[in-house]
Amino acid sequence: MTDMPDLAGFVEDCRLIRRTAPVIHNITNYVAMSMSANALLAIGASPLMSSESSEIEDISRISSALVINIGCLEERQKEAMKIAARVASISGKPWVLDPAGAGASRFRTDTARELAEMYRPSVIRGNASEIMALDGLDVASRGVDSAHGSKAALEAATHVAREFRTVVSVSGETDYITDGQKLIGICNGNAMMPVVTAMGCTASAITAAFASVDGNFLRAAAFAMALMGVAGEKAAAISPGPGSLAMNFTDALYGLEPEEAAELIRYE
């Protein structure tokens, strides 16, 4: 199944992030800000959080990549998202769309599709239910929690990737990444990770960091999910519950050497 790229590229990208400290602009939900920022810092990137429309263009000029996460969507925030996505699109900077909670309401689903149609994200990263909702399927949404396994969303992911000419990254027990033609399955991770809030949002932030140093967005998205999974496994091994996992996950991201992480990546 897999078209997993050479893992030497993973090591190189990890080192590039640490060496260049790319600024990652996040328009994200309130729940995710702290964890996403800490994770970006742990891998060597520089997080910047802002959803104020009046400063978006200035911030975009100093940013290397953009994350738009619709988890706590408001009309005011939506306008900032559109400005940021437009500037990223015009300037050729990579941006990641996280359609958090798509399918839970028409407002969320329509906003995610509008952003994807108008400004073509480099990567769309979400759980299975969110990706299926973007494909127009009537899914039984549970808010930001997926009601479906990642494998159930493979057909929808392919359709969405082709429709919006982008890379789609579906998180789950196995993470699937596709550009509508090639498919990569990443098998790392731990069952406790979905119990930690903002873990998916953090995956989107890390995806943007990899996209900022690697113009092959299929590869960048796969490398991001691989690093998330390996760090999650390392953290879970010393965590009795989700509270300690969140802390140990950040520490694992910080302490993992790229070569060590590459040796632990599993894919199908």
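Not measured: the values here are computed from a predicted model.

Caption draft 1: How the structure looks around the nonpolar core. Membership of the largest hydrophobic core comes to 57 residues, with the highest contact counts inside it found for F10, I177, F210, F249 and L253. Among the elements of the structure, α1 (7–20), α2 (33–43), β3 (65–69), β8 (183–186), α8 (199–213), α9 (217–236), α10 (242–255) and α11 (258–264) are those that each provide at least two residues to this core. Among the elements that make up this core, the one with the highest residue count is α9 (14 residues). Setting aside residues no more than four positions away along its own chain, L253 makes contact with R18, A39, A42, I43, I206, L227 and A231. The next biggest cluster of nonpolar side chains, apart from the first, holds 30 residues, and it includes I70, A80, I124 and V170.

Caption draft 2: Broad picture of the pattern of salt bridges. As enumerated under the stated definition, the model contains 15 salt bridges in all. For D98, the salt bridge identified is with R125, shortest N-O distance 3.2 Å. One end of the pair, D98, is in strand β4 (residues 95–98); the other, R125, is in strand β5 (residues 123–127), with 27 residues separating them in the sequence. The two residues D98 and R125 agree in class, both being buried. The partner of E117 in a salt bridge is R113, with the nearest N and O atoms 3.2 Å apart. Of this pair, E117 and R113 both sit in helix α5 (residues 106–119), 4 residues apart, which is roughly one turn of that helix. The class for E117 is exposed, based on a relative accessible area of 51%. Among the residues examined, R113 registers a relative accessible area of 19% and is labelled buried. Connected via shared salt-bridge partners are R15, R18, E257 and E259.

Caption draft 3: Region of interest: the sheet that holds strand β2 (residues 46–49). Across the sheet, which stays open at both edges, the 8 strands sit in the order β2-β1-β3-β4-β5-β6-β7-β8 with mixed pairing between neighbours. Two strands bound the open sheet, and with one partner strand each, they are β2 and β8. Strand after strand, the sheet turns through a mean of 20° between neighbouring axes, direction not considered. In terms of strand pairing, β3 meets β4 through 4 bridges, oriented parallel. Bridging from a neighbouring strand, N69 pairs with D98 of β4. In the packing of α2 onto the sheet, the strands contacted are β1 (23–27) and β2, and the crossing angle to β2 comes to about 155°.

Caption draft 4: Structural detail: the pairing of β3. Here β3 lies mainly inside the structure; 5 of its 5 residues are buried. Here β1 pairs with β3 via 4 bridges, running parallel. Residue pairing in the sheet places I27 in a bridge with I68 of β3. Between the parallel elements β3 and β4, the chain passes through helix α4 (residues 75–91) in a crossover that is right-handed.

Caption draft 5: Geometry of the packing of aromatic side chains. Evaluation of the coordinates by the stated rule reveals 2 aromatic pairs. Judged by centre distance (6.2 Å) and plane angle (15°), the ring pair of F10 and F210 falls under stacked. A residue pair is termed long-range when its members are at least 10 positions apart, and F10 in helix α1 and F210 in helix α8 qualify at 200 residues. An identical accessibility class is assigned to F10 and F210; each is buried. Considering the side-chain rings of F10 and F223, the 5.6 Å spacing of their centres and the 80° angle between planes classify their relative orientation as edge-to-face. Residue F10 is found in helix α1, and its partner F223 is found in helix α9; the two are separated by 213 residues along the sequence.

What counts and how
- Residues numbered from 1 in each chain as written.
- Predicted model: local features only at pLDDT ≥ 70, side-chain atom pairs only at ≥ 80, totals over all residues.
- Heavy atoms only, no water.
- Core = buried A, V, L, I, M, F, W, Y, C linked by side-chain atoms within 4.5 Å.
- Buried < 20%, exposed > 50% of the residue type's maximum accessible area, 1.4 Å probe, protein only.
- Helix = DSSP H or I, 4+ residues; strand = E, 2+ residues; numbered from the N terminus.
- Contact = heavy atoms within 4.5 Å.
- Salt bridge = Lys/Arg side-chain N within 4 Å of Asp/Glu carboxyl O.
- Pairing = 2+ DSSP bridges.
- Axes fitted to C-alpha atoms, helices over the stretch in contact; angles between N-to-C directions.
- Right-handed = clockwise from strand over helix to strand, strands pointing away.
- Phe/Tyr/Trp six-rings, centres within 6.5 Å; stacked < 30°, edge-to-face > 60°.

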